[in-house]
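So you can see what is in the structure, the chains are spelled out below.
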Amino acid sequence: QPPLRDLADQQGFRMGAAVASHLLDDADYRRTAAAEFNSVTHENDLKWESVQPQPGQYSWSGADRLVEFAEQNGQQIHGHTLVWHSQLPSWVENGSFTPAELTQVMEDHIDTTMGRYRGQIQTWDVVNEPIGDDAQFRNSVFHRVLGEDFIAQSLHMARAADPDATLFINDYNIDGINAKSDAYYELAQDLLAQGAPLDGIGLQGHLISGQLPQDIQQNIQRFADLGLEVMITELDIRMTMPVTQQKLEQQARDYTQVMDACLAVSGCSGVTVWGVTDAHSWVPDHFTGEGAALPIDENYQPKPAYWSVHEAL
Ligand code: XIL
């Protein structure tokens, strides 16, 4: 059976995984990340706290390592992420800035980070999770100091930093049609009407097996109809542990549903799973009692969900 990336390549589709650069020391991990995926996303190594932990002190070792790996393996890279309220160093999160100062800080971070990888990172989550589950703008240093205009400003800075990059905003719980994705739909329309350089929307896709929204495809379609590129950027479909055959089969149907929803819409250009195997998934650490959310298990064996992805491609 051909690996996923070969099937994806045949149709110009991006099939990605989140990769942690320190895990590339493990031969099985390296081999699987290279063999199965034609795109990678830094799981943590490009986040602000990793890249610029202190003002003006940049640290690139983790981020560079994955960029080199991707180049060696002919993989695209989705840049994650520039402006986010989380995994933000405390000098930014708790800083007291005037609007002009914060703008300068953001510009420096965006310019330096995107500039370093110009021509190497094709797409970027410029702003991550600016809206909360209440469908209102999230409280963050960016929103407090600059108001909602921080999103448009970030996009303009990103366009200036790398005019060839495709610029996304990205969030969770906006996979189906709901109040939060409605807020994004309005935000996207606003940004486009103002001439902000927004190219795409990322639906993270952190989902619960057996509880998927039924209107993922319609939701993708409405963003595509605005002229935006859509990607599923962080797909995982978690289950309550322990794993049973029945749960694996439900999960396989769930993966089919998400893959088919994206592949049915011409503006939906890729799906990235949030981790290479179940052994490296963030789910068990962040959702008590849940796990086994990815298509490949902790022993690098394909699960029924893997064959769903394979068949969908
Ligand atoms: C997660 C990583 O997977 C974890 O290793 C880290 O401890 C926390 O962040 N939405 C995002 C991702 O945009 O950056 C998050 O990644 C998962 C939720």
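Residues numbered from 1 in each chain as written. Predicted model: local features only at pLDDT ≥ 70, side-chain atom pairs only at ≥ 80, totals over all residues.

Draft legend 1. Structural view of the UniProt feature "active site" (unreviewed entry) in the protein. What UniProt calls "active site" (unreviewed entry) maps, in this numbering, to E234. Mapping E234 onto the fold places it in strand β8 (residues 229–240). With 27 C-beta atoms packed within 10 Å, E234 lands in the buried category. In this view, E234 contacts A18, Q204, G205, H206, T272 and W274; residues no more than four positions away in its chain are not counted. (UniProt positions renumbered as here; feature names shortened; annotations may be inferred. Helix = DSSP H or I, 4+ residues; strand = E, 2+ residues; numbered from the N terminus. Buried ≥ 20, exposed ≤ 12 C-beta atoms within 10 Å, placed from the backbone. Contact = placed C-beta atoms within 7 Å.)

Draft legend 2. How the structure looks around the site of the ligand. Neighbouring the ligand are E43, N44, N128, Y172, Q204, E234 and W282. For the shell around the ligand, the residue count by class is two nonpolar, three polar and two charged. (Near = placed C-beta within 6 Å. Nonpolar A, V, L, I, M, F, W, Y, C, P; charged D, E, K, R; others polar.)

Draft legend 3. Quick look at the environment of C268. Along the polypeptide, C268 turns up in strand β9 (residues 268–273). Distance from C268 to M231, taken between C-alpha atoms, is 5.5 Å for residues 37 residues apart in sequence. Aside from chain neighbours lying at most four places away, what touches C268 is I220, A224, V230, M231 and C262.

Draft legend 4. Expanded view of the packing of helix α10 (residues 216–224) against helix α11 (residues 245–263). At a minimum axis separation of 9 Å, α10 and α11 run at an interaxial angle of 25 degrees. Taken together, the axes of α10 and α11 are roughly parallel relative to one another. Crossing geometry of α10 relative to α11 is assigned as right-handed. Contacts from I216, Q217 and I220 of α10 reach α11 at V258, A261 and C262. Residues belonging to the contact of α10 with α11 are distributed by class as follows: five nonpolar, one polar and no charged. (Axes fitted to C-alpha atoms, helices over the stretch in contact; angles between N-to-C directions. Parallel < 35°, antiparallel > 145°, perpendicular 65-115°, else oblique. Left-handed = near helix turned anticlockwise from the far one by under 90°.)

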